[in-house]
Each structure stands twice: as C-alpha cells, then as structure tokens.
Amino acid sequence: MQHATDIIKLESLDQYLGCIIANAMQEGNQVAIWRKPKSNFLQVLLDKSGITKRADLNLEELPTGFIVHPFEDQEDQKAFFLEADSYFKIDLNLSLVEQQEQLELNAPIRSSSENAQLIRQYFAKSLENQHSGNLNACSKKDFIALVENGKQAIREGKLNKIVPARLKKKQLSDKFDLVQSIISLTKSYPNAFINFFHIPDLGSWLGASPEILIQTKGNTFYTMSLAGTQKAKGDNPMKNAAWTQKEIEEQALVSRYIVDCFKKIRLREYDEQGPKTVIAGNLLHLRSDFFVDMQATNFPQLGSVMLKLLHPTSAVCGMPREKAFEFLREYEKLDRSLFAGFIGPVNVEEETSIFVNLRTARLTEKEALLYAGAGVTEDSIPEKEWEETEMKCEIIGKHLN
Ligand SMILES: C=C(O[C@@H]1C=C(C(=O)O)C=C[C@H]1O)C(=O)O
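Residues numbered from 1 in each chain as written. Predicted model: local features only at pLDDT ≥ 70, side-chain atom pairs only at ≥ 80, totals over all residues.

Within an unreviewed UniProt entry, the label attached to the chain reads Isochorismate synthase, and the organism entered is Cecembia rubra.

Caption draft 1: Broad picture of the site of the ligand. Close to the ligand lie 16 residues; Thr229, Ala315, Leu358, Gly373 and Gly375 are nearest. Of all the elements in the fold, those that place two or more residues in the shell around the ligand are β12 (220–231) and β19 (367–373). Residue contributions to the shell around the ligand peak at 4 residues, all from β12. Looking at the shell around the ligand, its residues break down into 8 nonpolar, 5 polar and 3 charged. (Near = placed C-beta within 6 Å. Helix = DSSP H or I, 4+ residues; strand = E, 2+ residues; numbered from the N terminus. Nonpolar A, V, L, I, M, F, W, Y, C, P; charged D, E, K, R; others polar.)

Caption draft 2: Spatial organisation of the environment of isoleucine 51. Assignment of secondary structure puts isoleucine 51 in the loop between β2 (41–47) and β3 (53–56). Note on isoleucine 51: 10 C-beta atoms within 10 Å, which makes it exposed. Put simply, isoleucine 51 and proline 200 are 149 residues apart on the chain and 9.5 Å apart in space, counted from C-alpha to C-alpha. (Buried ≥ 20, exposed ≤ 12 C-beta atoms within 10 Å, placed from the backbone.)

Caption draft 3: The packing of helix α1 (residues 13–26) against helix α2 (residues 112–121), seen in detail. Put simply, α1 and α2 touch, their axes get as near as 9 Å, and they point 30° apart. Here α1 lies roughly parallel to α2, going by the angle between them. Two packed elements cross with a definite hand, and for α1 against α2 that hand is left-handed. Touching Asp14, Gln15, Gly18, Cys19, Ile21, Ala22, Met25 and Gln26 of α1 are Ser112, Asn115, Ala116, Leu118 and Ile119, all from α2. (Axes fitted to C-alpha atoms, helices over the stretch in contact; angles between N-to-C directions. Parallel < 35°, antiparallel > 145°, perpendicular 65-115°, else oblique. Left-handed = near helix turned anticlockwise from the far one by under 90°. Contact = placed C-beta atoms within 7 Å.)

Caption draft 4: A look at the pairing of β12. Taken across its 12 residues, β12 has 9 buried, putting it largely inside the fold. Here strand β11 (residues 212–217) folds back onto β12 in antiparallel fashion, the turn holding 2 residues, of which glycine 218 has a positive phi close to 60°. Of the strand pairs in this sheet, β12 and strand β14 (residues 283–293) are connected by 11 bridges, and their pairing is antiparallel. Within the sheet, the bridge partner assigned to threonine 229 lies in β14 and is histidine 285. (Pairing = 2+ DSSP bridges.)

Caption draft 5: Structural view of α2. Buried within α2 are the following residues: Asn115, Ala116, Ile119 and Arg120. With its buried residues spanning 130° around the axis, α2 presents them on a single face. Residues of α2 that are exposed and angled more than 90 degrees away from the buried face: Ser113 and Gln121. (Arc of directions from axis to C-beta.)

Caption draft 6: Spatial organisation of the sheet that holds strand β16 (residues 342–346). The sheet built from 9 strands is open, its strands ordered β3-β5-β4-β16-β17-β11-β12-β14-β13 with antiparallel pairing. The strands lining the two open edges of the sheet, one partner per strand, are β3 and β13 (271–280). Strand-to-strand, the axes of this sheet are offset by a mean angle of 25°, without reference to chain direction. Looking at chain direction, β3 and strand β5 (residues 78–83) are connected through 4 bridges and run antiparallel. The residue of β5 that forms the bridge with alanine 55 is alanine 79.

Caption draft 7: Quick peek at the sheet that holds strand β1 (residues 30–35). As summarised here, the arrangement of the 8 strands in space is β6-β2-β1-β9-β10-β18-β19-β8, forming an open sheet in which the pairing is antiparallel. The outermost strands of the open sheet, each flanked by one partner alone, are β6 (86–91) and β8 (165–171). Each adjacent strand pair in this sheet contributes to an overall mean axis angle of 15°, direction not counted. As defined by bridge partners, β1 adjoins β2 across 5 bridges and the pair is classed as antiparallel. Looking at β2, one finds that alanine 32 is bridged to leucine 45.

Caption draft 8: Main features of the UniProt feature "domain: Chorismate-utilising enzyme C-terminal" (unreviewed entry) in the chain. In the numbering used here, UniProt assigns the "domain: Chorismate-utilising enzyme C-terminal" (unreviewed entry) feature to residues 140–392. Across residues 140–392, helical content stands at 33% and strand content at 34%; the span's end C-alpha atoms are separated by 15 Å. (UniProt positions renumbered as here; feature names shortened; annotations may be inferred.)

Structure, rendered in structure tokens:
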C-alpha cells in the first residue's frame, strides 16, 4: 500500500475512485465495486492474478471474492470468480482525508477527466467476436410479436409464465464518465445493489439490481420473490399502488417457485412475509421475503443448495423452467450473456449477497447495451410489456451521459 498521505493530493472521492479503476484496468486486473442496498459504503475488490477463474457453486468453501454467472446454465456448473487479492471499502459519508488510513492508493494520480478517458479505452471495442448469439437491438414490433408468441404458448398450456427480454443500445457521449455514473446511481437508488465489474474476458458491466437471489448472514438465509411492475406515481407512490390480478398472479408464481425449491430439499420451516409493494427507481414491484434459520433447520449449506435450485427463477425466465428456457432459445434468440444471471460478493465480511443481474448495462467504447425483460402471463397487454422494458432500460440508461 502506498502512503495514505498521497490521498491528500486528491480533490474528491470521484477522483480517487477513478484512479483506482483506471489503474486496475491498466494493470490487467479484474475489479468489482458495489454498494449494497441501504449501505453507505462502496466496497472495492481486486483480483490481480490476470487469470479468469471459474469456481464451483459451493459458496461456503470459497475464499472472499465476487461471483459472476451468466443467464445460461454452464456445462461445468461453475461461475466466474474474482478472488480478493485486495479488498477495502469507502465510506460515502466521510471525506477522503477522514478515512485515509483505510484506503489504498497504488495508483498514479490523474485528473478525473484523464481517468474517464483512460477507463473508457478498456471497455470492449467491439463485441462481435465475443458472441455467437444475436446482439441486435430489438424493435418494438418484434418484441410485441415475441410477447404475443409467449401468450399463445401459455394459452396452449405449454407454459404458465414467460419472461422475454430485449436489447436496447445507447450511444455514449464524448464526456461519458463511468465514475460519475456510479456515483449518481448510488445517490438515485438507495435500495438497489449498485455494481460495476470489469473482467477483461467478459467486459465491463454497470447495474442497479433490485433483486436478491440468495443471501446468507450468520445463521440466516434469505431470498425474495420479486415481480409485477408499475410506474411509481405521485407524492406517495407506495400508497397509491393498486395491483391487478395479472400482477398478483405473476408474483405468486415466483413465490410458488421458491416454495417448490424448499419442498425439493424437504425444508419445511421457513418464514414467508408479504407480498408488499416496494420501490426500485421509478418502478414499483411486489415482493415477498423468505427467511430460514440455517442452524435450527440444520442446513448450513442452504445458500449454495438454493442458489443451484433457484437460478434462473421464474422472475427472469418463466415457468415451468425448462419449457420456458426452450421457448426463449427458440423465439427470443437474444444472447443474454450476463443479463439475468447472478452476481455478488461471496464471503465478504462473513456475508454472501448474490443478486440477479438486472437493470444492467454492458459498456463498450462507443455504446452501452441495455437489457430488460417483462413477465408475460395470459392477460399481458403486449404494448404495456414493451413500455415496461423501456422503463427498466431507462433506470440505467438515464445515468449514462
Ligand atoms: C426481468 C426484469 O425484472 C424482473 C421482472 C419483473 C416483472 O416482470 O414485473 C419484475 C422484477 C424482476 O424480477 C428486468 O428488470 O429486466
């Protein structure tokens, strides 16, 4: 660690963060930066090995790190894993000087605009050679046809629910500054999991996920079912929210899916709370919370067991899962890549918090790729599902300037 006194030479937290990210990229390191919901800390983890590692999903046995798993099941049943060669956190409520003892600065000091330029150079130039699947933005007409197709499959009894997704592209302006985007996301979405990660082989992703896939902390296991979407309106959007039967059913299907996973492993003692209305950016969702005491139920590895059973949940894929997956492969044709996969810190400060990779953007030198899906049931109105994906894309899109 370089002497903390150098930190005094920095003007702001933004400049500090820029120095850390730019340097990590320049050195070929993998980096993950996140801010957990309702937290004041930006957590920073660097893997300096230069190797893109893969790890088993036995979370309890993993060292401190950050896990990244694509939407699609992996043949080797492993995930990408950044191992913490360096880990520290920044208190967003304190000045740099007040916390200099806790911070690292192994980076040359550059101005914020130099950092922004440098960071951008390390975003992928083009994705064409990294992808076998479709990387085209989806038109409104095509998405509506896809939703109609899904409704038809539901009417024919092939599916109960399907979650088609689409890709939207947004040009990045010359003044795009990753650090400004990260900071503005942390300020705008206090309830979200704000994340940025850069893995040279996988690219650079920035997101604000509202959805925990699994969390373990002490003896408590937690998961949630999150579905049903409407725009937050008025001064007191939570109070004004009224849910239709379509949304209530859509969310209930996700809860049922979670309970079915518990049943598979004969876990009977869990605490289910909700559903209640929650806010994510300018959207409202319905959410139920599930808690399990891992000690009382004698399930110390519940985090790993449930991770393997839950992903992909019917909130991002559909139900029944296999049929929904086949449907998406045939009709959606999108290479979802890491979108709707899972990401998050593993065994960091004795806690594992893995989120569904939603409300996310893949950053390339010139443009951002935004991904969003919408839960379709028999009663879906295709035009409204399109609008829902537009709003979901905007959650990240409007912070990329
Ligand atoms: C698929 C997405 O979100 C999921 C789908 C939702 C829905 O269909 O209403 C709501 C929350 C998420 O579980 C997305 O953000 O792209």
